[in-house]
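Survey of secondary and tertiary structure
So you can see what is in the structure, the chains are spelled out below.
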Amino acid sequence: MATLTGKVALVTGASKGIGAGIAKELASRGAVVAVNYASDKAGADKVVNEIKANGGKAIAIHANVAEPQTIGPLVDAVVKEFGPIDVLVNNAGIYEFGPLENITPEHFHKQFNVNVLGLLLTTQAAVKQFNPAGGSIVNVSSVVVDGVPGASVYSATKGAVDTITAALAKELGPKRIRVNSINPGIIETEGTHAAGFIGSDFQKEAEKRTPLGRIGQPKDIATATAFLASEDSAWINGQAIYAAGGFTL
Ligand code: NAP
């Protein structure tokens, strides 16, 4: 389904997990894709090579979105290589759970710097170099916006993401740039394996609360994101789209 032919897409945090799935899906639909990574160059190169092996076009670009000075060069590199941006997927994100008594300024700022400030500054830089015809921004949020006990800081970062989506949809509408959130439930990724979620009681509880009876895979989020990136969703703007198999908290 070549709904993104010739579109230029930047996916942050695409060296693994959901971001890698999104990068590959956008490429499979005809987009040329900038695969951003922070530390895992090998992972990003693997995603790029897979896209190329399937006849697509992609490059890996390093930038830590928590370091503001690296964001301008990231966007400049995309535009230099491929031209103006049509699609930005703000996927780079970290999750650290912990109860109220364990919250520290470090735990707070670490997550907000990536999940919120990084997303805002990446969007700011990218919008300056968007195609004048407009485009689509997809912010990877989460079902945790409904509040997860023991994850108040992470949940707050994603609540902020959805509020930014609503505000920027209004602000960027006149530029014909749509902004939506995609809100996954638990997805099996390198990150959720490392966090110990996969195979845990947390996963079993999530499956019980999911009418479709399973947790998600990156592909489940990638196809929904590709829809939001494409003109098939031309009239969807400022929304938080839950992609979680009907999961409710
Ligand atoms: P993951 O497997 O841990 O992968 C995270 C990706 O983000 C990696 O490519 C990592 O790059 C990149 N990243 C982290 N910090 C970064 C930074 N400062 N600058 C640039 N890139 C950075 O995570 P995931 O599970 O796929 O999650 C991806 C997104 O989905 C996050 O926003 C997360 O909050 C959201 N989400 C995940 C789930 C889930 O269950 N998995 C559910 C809801 C929402 P390097 O590896 O190169 O450092």
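A short tour of the structure in this document, coming up. (Residues numbered from 1 in each chain as written. Predicted model: local features only at pLDDT ≥ 70, side-chain atom pairs only at ≥ 80, totals over all residues. Heavy atoms only, no water.)

This next bit is on the packing of aromatic side chains. For the structure shown, the criterion picks out seven aromatic pairs. Their ring planes at 65 degrees and their centres at 5.7 Å tell us that Y95 and Y154 sit as a pair that is edge-to-face. Residue Y95 is found in the loop between β4 (87–90) and α4 (105–128), and its partner Y154 is found in helix α5 (residues 152–172); the two are separated by 59 residues along the sequence. Joined through ring pairs, the aromatic side chains of Y95, F97, Y154, F197 and F202 make up one cluster. (Phe/Tyr/Trp six-rings, centres within 6.5 Å; stacked < 30°, edge-to-face > 60°. Helix = DSSP H or I, 4+ residues; strand = E, 2+ residues; numbered from the N terminus.)

Considering the arrangement of structural elements, one finds S141 in the loop between β5 (135–140) and α5. A relative accessible area of 3% places S141 in the buried class. Among the polar contacts made by the side chain of S141, one reaches the main-chain carbonyl oxygen of K158 at a distance of 3.4 Å. Each residue touching S141, except ones within four places of it in the same chain, is listed here: K158, V161, D162, S181, I182, N183 and P184. (Buried < 20%, exposed > 50% of the residue type's maximum accessible area, 1.4 Å probe, protein only. Polar contact = N/O pair within 3.5 Å; in protein donor to acceptor, adjacent residues only side chain to side chain. Contact = heavy atoms within 4.5 Å.)

Around the ligand sit 34 residues, and of these K16, S39, Y95, Y154 and T189 come closest. Within the contact set of the ligand, an oxygen atom lies 2.7 Å away from a side-chain nitrogen or oxygen of S15. Here N64 contributes a side-chain N or O atom positioned 2.7 Å from a nitrogen atom of the ligand. Considering the ligand on its own, with 900 Å² of exposed area, one finds that the protein chains cover 92% of that surface. Where the shell around the ligand is concerned, the elements lending two or more residues are α1 (17–28), β2 (32–37), α5 and α6 (190–194). (Near = heavy atom within 4 Å. Areas by Shrake-Rupley, 256 points an atom, 1.4 Å probe, with all protein chains shown as cover.)

Across the eight residues of strand β6 (residues 177–184), eight count as buried, placing the element largely inside the fold. Going residue by residue along β6, you find I177, V179, S181 and N183 tucked away on one face and R178, N180, I182 and P184 tucked away on the opposite face as well. As paired strands, β5 and β6 are joined by six bridges and run parallel to one another. Note on β6: the bridge partner recorded for S136 is R178. Remark: the β5/α5/β6 crossover connection has right-handed handedness. Pairing geometry for β6 and strand β7 (residues 240–243), over four bridges, is parallel. The residue bridging S181 from the neighbouring strand is A240, located in β7. (Pairing = 2+ DSSP bridges. Right-handed = clockwise from strand over helix to strand, strands pointing away.)

To continue, consider the environment of E81. Relative to the helices and strands, E81 is located in helix α3 (residues 71–82). Through-space distance from the C-alpha of E81 to that of I59 is 8.5 Å; in sequence the pair is 22 residues apart.

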